Amino acid sequence: VINKSISIHGMDGAVVTGNGKGNTIRVSSPGVSLRNLTITGSGLSLETMDSGIFLDKKAIGARVIGNHLDGNLFGVYVWGAAKSLVQNNRIVGRADLRVNERGNGVSLWNSPGSTIDGNDIRHGRDGIFVNTSKRNRFTNNRFEHVRIAVHYMYANNSLVSGNVSRGNTVGYALMYSKK
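Within each chain, residues carry numbers counting from 1 in the order of the written sequence. pLDDT decides what is reported in this predicted model: residues at 70 or higher carry local features, side-chain atom pairs at 80 or more are listed and counted, and totals for whole chains, interfaces and linings draw on all residues regardless. Derived side-chain values reflect all non-hydrogen atoms in the structure, with water molecules and hydrogen atoms excluded from consideration.

Caption draft 1: Inspection of the side chain of Ser28 at higher detail. Starting at the N terminus, helices and strands are each numbered in turn, a helix being any DSSP run of H or I of at least four residues and a strand any DSSP run of E of at least two. Mapped onto the elements, Ser28 comes out in the loop between strand E3 (25-27) and strand E4 (33-35). Of note is the side chain of Ser28, whose polar atom sits 2.5 Å from the side chain of Asp56. Residues are treated as being in contact if the distance between any of their heavy atoms lies within 4.5 Å. Each residue touching Ser28, except ones within four places of it in the same chain, is listed here: Val1, Ile2, Asn3, Asp56 and Lys58. Polar contact is the term for a pair of N or O atoms within 3.5 Å; when the atoms are in protein, one must be able to donate a hydrogen and the other to accept it, and sequence-neighboring residues count only if both atoms are side-chain atoms.

Caption draft 2: Geometry of the nonpolar core. For our purposes a nonpolar core is just a set of buried Ala, Val, Leu, Ile, Met, Phe, Trp, Tyr and Cys residues, chained together by side-chain atoms within 4.5 Å. Under the scheme applied here, a residue whose accessible area is under 20% of the maximum for its type counts as buried, over 50% as exposed, and between as partly exposed, the area being computed with a 1.4 Å probe on protein chains only. Ranked by internal contacts, the top residues of the largest apolar core, which has 31 residues, are Leu55, Val76, Val106 and Ile128. Going through the elements one at a time, E3, strand E6 (51-55), strand E9 (74-79), strand E12 (106-109), strand E15 (126-131) and strand E18 (148-153) are the ones with two or more residues in this core. Setting aside its immediate chain neighbours within four residues, Val76 contacts Ile53, Leu55, Val64, Leu69, Val86, Ile91, Gly105, Val106 and Ser107.

Caption draft 3: Highlighting the sheet that holds strand E2 (residues 15-17). Should DSSP find at least two bridges between two strands, the strands are taken to pair. In space, the seven strands of this open sheet follow the order E2-E5-E8-E11-E14-E17-E20, with parallel pairing throughout. A single partner strand is all that each edge strand has here, and the edge strands are E2 and strand E20 (164-166). Direction aside, the axes of adjacent strands within the sheet are offset by 10° on average. One ladder, built from two bridges, connects strand E5 (residues 38-40) with strand E8 (residues 68-70); its direction is parallel. Counted as the bridge partner of Thr38 is His68 from E8. The angle between two axes is taken between their N-to-C directions and runs from 0 to 180 degrees, where each axis is a line fitted to C-alpha atoms and a helix contributes only its stretch in contact.

Caption draft 4: Up close: the pattern of salt bridges. Take a side-chain nitrogen of Lys or Arg and a carboxyl oxygen of Asp or Glu: if they are within 4 Å of each other, that pair is a salt bridge. Under the defined criterion, the tally for this structure stands at seven salt bridges. A salt bridge links Glu101 to Arg98, with the shortest nitrogen-to-oxygen separation between them at 2.7 Å. Of the charged contacts in the structure, one is a salt bridge between Arg122 and Glu144, with a shortest N-O distance of 3.5 Å. Residue Arg122 is found in strand E14 (residues 120-122), and its partner Glu144 is found in strand E17 (residues 142-144); the two are separated by 22 residues along the sequence. Residues participating in the shared-partner salt-bridge network are Arg90, Asp120, Arg122 and Glu144.

Caption draft 5: Structural detail: unusual backbone geometry. The phi dihedral of Asn36 is positive, around 55°, even though this residue is not glycine. Mapped onto the secondary structure, Asn36 falls in the loop between E4 and E5.

Caption draft 6: Seen up close, the environment of Ile128. When you line up the elements, Ile128 lands in strand E15. The sequence separation of Ile128 and Leu108 amounts to 20 residues, and the corresponding C-alpha distance is 7.9 Å. Those residues in contact with Ile128 that sit more than four places away from it in its chain are Val106, Leu108, Ile116, Ile121, Phe138, Asn141, Phe143, Ala149, Val150 and His151.

Caption draft 7: The arrangement of the sheet that holds E12 in detail. Spatial ordering of the open sheet is given by E3-E6-E9-E12-E15-E18-E21, a layout of seven strands whose pairing is parallel. A single partner strand is all that each edge strand has here, and the edge strands are E3 and strand E21 (170-175). This sheet shows a mean twist of 5° between the axes of neighbouring strands, independent of strand direction. Pairing of E15 with E18 involves five bridges; the strand directions are parallel.

Structure representation (structure tokens):
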């Protein structure tokens with residue numbers, strides 16, 4: 001649990017491994033930066049949103065850049081952390097699970113003003129899943145072997161641009177959203 005504003009920038013080969021329960025890293029402070037880490041070992045509970053990186057409501061302005069998230073249930077879960085940036089990460093989910101048992105590469109809930117850009121997302125349920133968030137940007141991401149590349153609801157005033165969906169069940173499901 002990170003509960004103060006810090007930057008963690010891993011040297012090449014830096015690995016953070018969870019114990020297979022809960023979140024591997026949980027951020028509960030504004031202005032935290034996580035860069036150049038390999039993150040693995042989250043739990044497997046969809047109900048508790050077990051993630052490689054979980055940004056809670058206090059993690060306003062978090063920066064998750066250039067990491068490799070491998071084998072976590074959810075890659076990055078942005079749960080109320082406004083103005084967050086998830087950029088240039090490689091997120092590989094749980095190919096050993098059935099699609100409906102997997103988490104999403106990136107999930108956003110009520111995280112206005114966040115940007116998800118330049119990520120490579122594979123083997124999740126959905127690449128990016130958004131519920132009840134606005135003024136977000138989903139740009140230049142690549143999705144393979146997921147159910148839906150970009151899936152959002154109630155995501156008003158958001159931008160979806162420059163993404164590539166390849167080998168997925170559905171490319172884009174943009175529902176109940178304006179502008």
